[in-house]
Amino acid sequence: MKAVCPGSFDPVTMGHLDIYRRAASHFDEVIVLVTGNPKKPSGLFSVEERIDLIERVTQDIPNLRVDWWAGLLVDYTTKHGVNALVKGLRTALDYEYELPMAQMNRRLSGVDTFFLLTDEKYGYISSSLCKEVARYGGDVSGLLPDLVVDAVTAKYREALG
């Protein structure tokens, strides 16, 4: 069975990695799907940079690969024979946000969404919050993989000139 973990992953966090690893233990193949248009850079990292970072921090997960998509998620699942979507939930707010999308995806394609509850040690971590802390020189070690901490730090250092 093939599953997709979709998201912007700008940047990938320890919480994301936890979800990827857990999904990989339940599915034959897991595709981390970076969403966004590589021709329109938005966010801290380009789509290509996000893919590279995710590939580097997940190289120890043999049944995981990384891809990107700029269209409807259900079009990707249909084109690539994906059976399931996997989403991590940190709070009830995440559930409220994800539920209608999961229902629409199922209606459009028949693909089910599997929700994994985030490990409590990562429940407060978000890409946005990590970027905000790093932007002002705060320490994001342990929130992001070390390689990603270095990349985020370098991006903000570069932006400051």
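What you are looking at is a predicted structure, and each value in this text was computed from that prediction instead of being measured.

(A) Spatial organisation of the overall build of the protein. Helix and strand counts for the protein come out as 6 helices and 5 strands. Taken from the N to the C terminus, the helices and strands of the protein come in the order β-α-β-α-β-α-β-α-β-α-α. Taking 15 Å as the expected radius of gyration for a compact globule of 161 residues, we find that the protein reaches 16 Å, a close match to that expectation. Considering only C-alpha atoms, the protein reaches an extent of 50 × 35 × 30 Å along its principal axes.

(B) Region of interest: the pattern of salt bridges. Under the defined criterion, the tally for this structure stands at 12 salt bridges. With a shortest N-O distance of 3.1 Å, Lys87 and Glu98 are connected by a salt bridge. Note that Lys87 is positioned in strand E4 (residues 84–89) and Glu98 in helix H4 (residues 92–109), a separation of 11 residues in sequence. Glu98 shares its class with Lys87; the two are buried.

(C) Region of the structure containing the packing of helix H3 (residues 73–80) against H4. Contact pair H3 / H4: the axes reach a minimum separation of 10 Å and the direction vectors enclose 45 degrees. Taken together, the axis directions place H3 and H4 in an arrangement best described as oblique. As for the relative orientation of H3 and H4, their crossing is right-handed in sense. For the pair formed by H3 and H4, the contact residues are Leu73, Val74, Thr77 and Thr78 on the first element and Asn105, Leu108 and Ser109 on the second. Here the residues of the contact of H3 with H4 sort into 3 nonpolar, 4 polar and no charged.

(D) Molecular detail of H3. Those residues of H3 that sit buried are Leu73, Val74, Tyr76 and Thr77. The buried residues of H3 occupy one face: seen down the axis, they fall within an arc of 155 degrees. In H3, those exposed residues whose orientation departs by more than 90 degrees from the buried face are Thr78 and Lys79. Looking at the packing, one finds that the buried side of H3 touches strand E1 (2–7), strand E2 (29–35), strand E3 (64–69), E4 and H4. With its phi angle positive at about 65 degrees, Gly81 sits one or two positions after the end of H3.

(E) Region of interest: the packing of helix H2 (residues 47–57) against helix H6 (residues 146–160). One can describe the packing of H2 onto H6 by two numbers: an axis separation of 10 Å at closest approach and a directional angle of 155 degrees. As the angle between them shows, H2 and H6 are arranged roughly antiparallel. Mapping the contact onto sequence places Glu49, Leu53, Arg56 and Val57 in H2 and Leu147, Val148, Ala151 and Lys155 in H6. When its residues are assigned to classes, the contact of H2 with H6 shows 5 nonpolar, no polar and 3 charged.

(F) Representation of the pairing of strand E5 (residues 112–117) in the model. Pairing of E4 with E5 involves 6 bridges; the strand directions are parallel. By the bridge assignment, Gly88 is partnered in E5 with Leu116. In this view, the connection linking E4 to its parallel neighbour E5 by way of H4 has right-handed handedness.

(G) Examining the environment of Ser126 more closely. One can find Ser126 in the loop between E5 and helix H5 (127–135). Ser126 sits in the buried class, given a relative accessible area of 17%. C-alpha of Ser126 to C-alpha of Glu98: the two residues are 28 residues apart in sequence and 15 Å apart in space. Side-chain polar atoms of Ser126 contact the backbone nitrogen of Leu129, separated by 3.0 Å.

Analysis parameters
Residues numbered from 1 in each chain as written. Predicted model: local features only at pLDDT ≥ 70, side-chain atom pairs only at ≥ 80, totals over all residues. Heavy atoms only, no water. Helix = DSSP H or I, 4+ residues; strand = E, 2+ residues; numbered from the N terminus. Rg over C-alpha atoms; globule rule 2.2 N^0.38 Å. Salt bridge = Lys/Arg side-chain N within 4 Å of Asp/Glu carboxyl O. Buried < 20%, exposed > 50% of the residue type's maximum accessible area, 1.4 Å probe, protein only. Axes fitted to C-alpha atoms, helices over the stretch in contact; angles between N-to-C directions. Parallel < 35°, antiparallel > 145°, perpendicular 65-115°, else oblique. Left-handed = near helix turned anticlockwise from the far one by under 90°. Contact = heavy atoms within 4.5 Å. Nonpolar A, V, L, I, M, F, W, Y, C, P; charged D, E, K, R; others polar. Arc of directions from axis to C-beta. Pairing = 2+ DSSP bridges. Right-handed = clockwise from strand over helix to strand, strands pointing away. Polar contact = N/O pair within 3.5 Å; in protein donor to acceptor, adjacent residues only side chain to side chain.

Remember that the coordinates give geometry; whether it matters functionally is a separate question.
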